[in-house]
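What follows is the residue order along each chain.
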Amino acid sequence: TALGQITAGGIARSGASAAAAVLLMIPPIVAFVVNQSKMLQTMAHFTDSHVGFCYDAGHEACRGYGYEFLPLVGDRLICTHIHDNDMVDDLHLIPFLGNVKWPEIMQALREIDYKGDFNFELAACKWMPSELKQATVEYIYRVGQYLLSL
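Each value, and the rule that gives it
Residues numbered from 1 in each chain as written. Predicted model: local features only at pLDDT ≥ 70, side-chain atom pairs only at ≥ 80, totals over all residues. Heavy atoms only, no water. Pairing = 2+ DSSP bridges. Helix = DSSP H or I, 4+ residues; strand = E, 2+ residues; numbered from the N terminus. Right-handed = clockwise from strand over helix to strand, strands pointing away. Core = buried A, V, L, I, M, F, W, Y, C linked by side-chain atoms within 4.5 Å. Buried < 20%, exposed > 50% of the residue type's maximum accessible area, 1.4 Å probe, protein only. pLDDT = per-residue confidence, 0-100. Contact = heavy atoms within 4.5 Å. Salt bridge = Lys/Arg side-chain N within 4 Å of Asp/Glu carboxyl O. Phe/Tyr/Trp six-rings, centres within 6.5 Å; stacked < 30°, edge-to-face > 60°. Polar contact = N/O pair within 3.5 Å; in protein donor to acceptor, adjacent residues only side chain to side chain.

A. Highlighting the pairing of strand S3 (residues 77-82). By the bridge criterion, four bridges tie strand S2 (residues 51-56) to S3 in an arrangement that is parallel. Bridge pairing in S3 links Phe53 to Leu77. Where S3 lies against strand S4 (residues 119-120), two bridges are found, and the strand directions are parallel. Looking at S4, one finds that His81 is bridged to Asn119. Regarding topology, helix H5 (residues 102-111) serves as the crossover connection from S3 to the parallel S4, and that connection is right-handed.

B. Summary view of the nonpolar core. The biggest cluster of nonpolar side chains holds 22 residues, and the ones touching the most others in it are Phe53, Leu70, Leu77, Trp102, Ile105 and Leu109. Those elements that place two or more of their residues in this core are helix H2 (36-44), S2, helix H3 (57-63), helix H4 (70-73), S3 and H5. Here the element with the most residues in this core is H5; it accounts for five residues.

C. Region of the structure containing the confidence of the model for the protein. Looking at the protein as a whole, the pLDDT averages 77, with 74% of positions reaching at least 70. The model gives residues 29-33 a pLDDT under 50, and that stretch makes twelve contacts with residues more than four places away or in other chains.

D. Local environment of the pattern of salt bridges. Taken as a whole, this structure holds one salt bridge when the rule is applied. Notably, a salt bridge pairs Lys115 with Asp113, separated by 2.6 Å at the nearest N-O pair.

E. Structural view of the packing of aromatic side chains. The full count for this structure, using the stated rule, is three aromatic pairs. Ring geometry for Phe96 versus Tyr146: centroids 5.5 Å apart, planes at 70°, classification edge-to-face. Remark: Tyr146 occurs in helix H6 (residues 130-149) and Phe96 occurs in the loop between S3 and H5; sequence separation between them is 50 residues. Accessibility expressed as a relative area gives 37% for Phe96, which makes it partly exposed. Centroid distance Tyr114 to Phe118: 6.0 Å. Interplanar angle 65°. Geometry classified as edge-to-face. On the accessibility criterion, Tyr114 (13% relative accessible area) is buried. Owing to a relative accessible area of 22%, Phe118 belongs among the partly exposed residues under this scheme. An aromatic cluster of three or more residues is present, and its members are Phe96, Trp102 and Tyr146.

F. Summary view of the environment of Arg76. Note that Arg76 resides in the loop between H4 and S3. At 3.0 Å, the side chain of Arg76 and the backbone oxygen of Met43 are in polar contact.

Quick look at the structure:
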């Protein structure tokens, strides 16, 4: 597979400064599709901090894998995609509007000492009337604050 062909020597920054370097983020769901142990073995070849995993809470829940992958990636987690769903369809809902187990996810993130950003991957404002978008964004912010309090 293409993933298996990635090697530490295969990444070139093309003269970009460290501040402008592109992060290579691999969603954990790929590890289950490809092979979890092979994914972790491949990642072991990369020591650069610009290469790591992206935890996608909604996608993981849709596939039934939940948050169990987080302890395996530990400090290799470099970003998140936070959204909820009905654990069947990838709905990109605001957290708590679906069935994702947020207290467990937040506990797992705490256990690996994740200090990065929470990127909300939502469809909430896509069809929202413009008059309601500001209030929706404020609500999403409050949901994020609540997640951090769990």
